[in-house]
Every structure is written in structure tokens, then in C-alpha cells.
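Listed here are the chains, written in short residue letters.
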Amino acid sequence: MKFSQVFILAFALSPLVASANVSPVRVISTKTDIFYFKVDKSFIGAVIEVFSADGALLITDTVSHHKAIIDFYFERAGKYSIKMTKNDREENFTFEKTVENSIVALQNNSGEGSVSIIQ
């Protein structure tokens, strides 16, 4: 009888434990030079920071809507780090742009890009 009570208690508490580890950010798509994501209501107001592969900060913005896009179209091919922070919660993601657009090669000889966040 005790085993069944423990099993029932563990089963009843399992959603509470599982929800504690669920990320407030859900990645929807990483195709065609974009990082498209959705945040829970509790994560609106989080600070977004995008870093290049060498650690340089490219852009900082604040999440103001449930869905947003980080556009890497005008950036060079490479790996980028995305950090979202609100209060004591931090979510980290990586984005890899594999193909450099011909427009970037022509317009961006300085090596500087223009990441944009669309909300």
C-alpha cells in the first residue's frame, strides 16, 4: 500500500519538477539567415545581446513582444552567440550562418555588419 501512495505522490509532483526546467524561450526557426523565437509572457522585458564569434557585442535590445526575429542577413558567415537575460534567468543560444550573401561581400568590406532585431 505504501508503494502505491509514493507512486501517486511522485506522479502528482512530476509536472512541477518538469516545469521548473522549461525554457521561457522557444526557437521557431533558424532558416534563411534568421533566428526566429517566441518567449513566454514572463520573459517579455528580457535583454537580448548578440555576440560575434570573437566575442564582440553586435547589438543589445529588449524583448517587447512574444515573437521576434534576429536578422543576420547582412552579417558575414560564422557562429554567433545570443544571450537573453531577465532577472536571474539567462538563456543562451548559438546561431551559425553558413552562407555569405553576395550583397554582404560587396557592401561590407569594412568587416562590420548590421544585425537587426525585428519585433
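In this text the structure is predicted, and so the values were computed from the model without any measurement.

**Overview of the overall build of the protein**
The secondary structure content of the protein amounts to 2 helices and 8 strands. Secondary structure elements in the protein, listed N-terminal to C-terminal, are α-β-β-β-β-β-β-β-α-β. Counted over contacts in the protein with a minimum sequence separation of 6, partners at least 24 positions apart contribute 59%. Per element, the accessible surface of the protein, about 7900 Å² overall, is 58% carbon and sulfur.

**So, the nonpolar core**
Counting residues in each nonpolar core, the largest one holds 18 residues, and the members touching the most others are Phe 35, Phe 37, Ile 48, Ile 70, Phe 72, Ile 82 and Met 84. Counting only elements with at least two residues in this core, the list comes to strand E2 (34-39), strand E3 (47-51), strand E5 (67-71), strand E6 (78-86) and strand E7 (89-97).

**With respect to the sheet that holds strand E1 (residues 25-29)**
Taken together, the 4 strands give an open sheet; going across it, the order is E1-E2-E5-E8, and neighbouring strands pair in antiparallel fashion. Only two strands of the sheet have a single partner each, and these edge strands are E1 and strand E8 (116-118). Each strand of the sheet is rotated relative to its neighbour by a mean of 25°, with strand direction disregarded. Relative to E2, E1 is paired through 4 bridges, and the arrangement is antiparallel. Directly across from Arg 26, in E2, lies its bridge partner Lys 38.

**So, the pattern of salt bridges**
Two side chains bearing opposite charge may form a pair once their charged atoms approach each other closely. On inspection of all chains with the given rule, the structure shows 3 salt bridges. Of the charged contacts, one joins Glu 49 and Lys 83 as a salt bridge, the two residues approaching to 3.5 Å between their closest N and O atoms. Remark: Lys 83 occurs in strand E6 and Glu 49 occurs in strand E3; sequence separation between them is 34 residues. The partly exposed category is assigned to Lys 83, whose relative accessible area is 23%. Put simply, Glu 91 and Arg 89 hold a salt bridge, and the shortest N to O gap is 2.8 Å. Since its relative accessible area comes to 30%, Arg 89 is described here as partly exposed.

**Regarding the confidence of the model for the protein**
Averaged over all residues, the pLDDT of the protein is 80; the fraction at 70 or higher stands at 70%. Residue range residues 3-7 is modelled with pLDDT below 50. Its contacts to residues more than four positions away, or to other chains, number 0 contacts.

**Structural notes on the packing of aromatic side chains**
The tally for this structure, following the rule as stated, stands at 5 aromatic pairs. Ring geometry for Phe 72 versus Phe 95: centroids 4.4 Å apart, planes at 10°, classification stacked. Here the residue Phe 72 occupies a position in the loop between E5 and E6, and Phe 95 occupies one in strand E7, the gap between them amounting to 23 residues. Here the aromatic cluster, defined as three or more aromatic residues joined through ring pairs, consists of Phe 35, Phe 37 and Phe 93. Lying across the ring of Tyr 73, Lys 97 places its NZ or CZ 5.8 Å from the centre.

Rules used throughout
- Residues numbered from 1 in each chain as written.
- Predicted model: local features only at pLDDT ≥ 70, side-chain atom pairs only at ≥ 80, totals over all residues.
- Heavy atoms only, no water.
- Helix = DSSP H or I, 4+ residues; strand = E, 2+ residues; numbered from the N terminus.
- Contact = heavy atoms within 4.5 Å.
- Areas by Shrake-Rupley, 256 points an atom, 1.4 Å probe, with all protein chains shown as cover.
- Core = buried A, V, L, I, M, F, W, Y, C linked by side-chain atoms within 4.5 Å.
- Buried < 20%, exposed > 50% of the residue type's maximum accessible area, 1.4 Å probe, protein only.
- Pairing = 2+ DSSP bridges.
- Axes fitted to C-alpha atoms, helices over the stretch in contact; angles between N-to-C directions.
- Salt bridge = Lys/Arg side-chain N within 4 Å of Asp/Glu carboxyl O.
- pLDDT = per-residue confidence, 0-100.
- Phe/Tyr/Trp six-rings, centres within 6.5 Å; stacked < 30°, edge-to-face > 60°.
- Lys NZ or Arg CZ within 6 Å of the ring centre and 35° of its normal.

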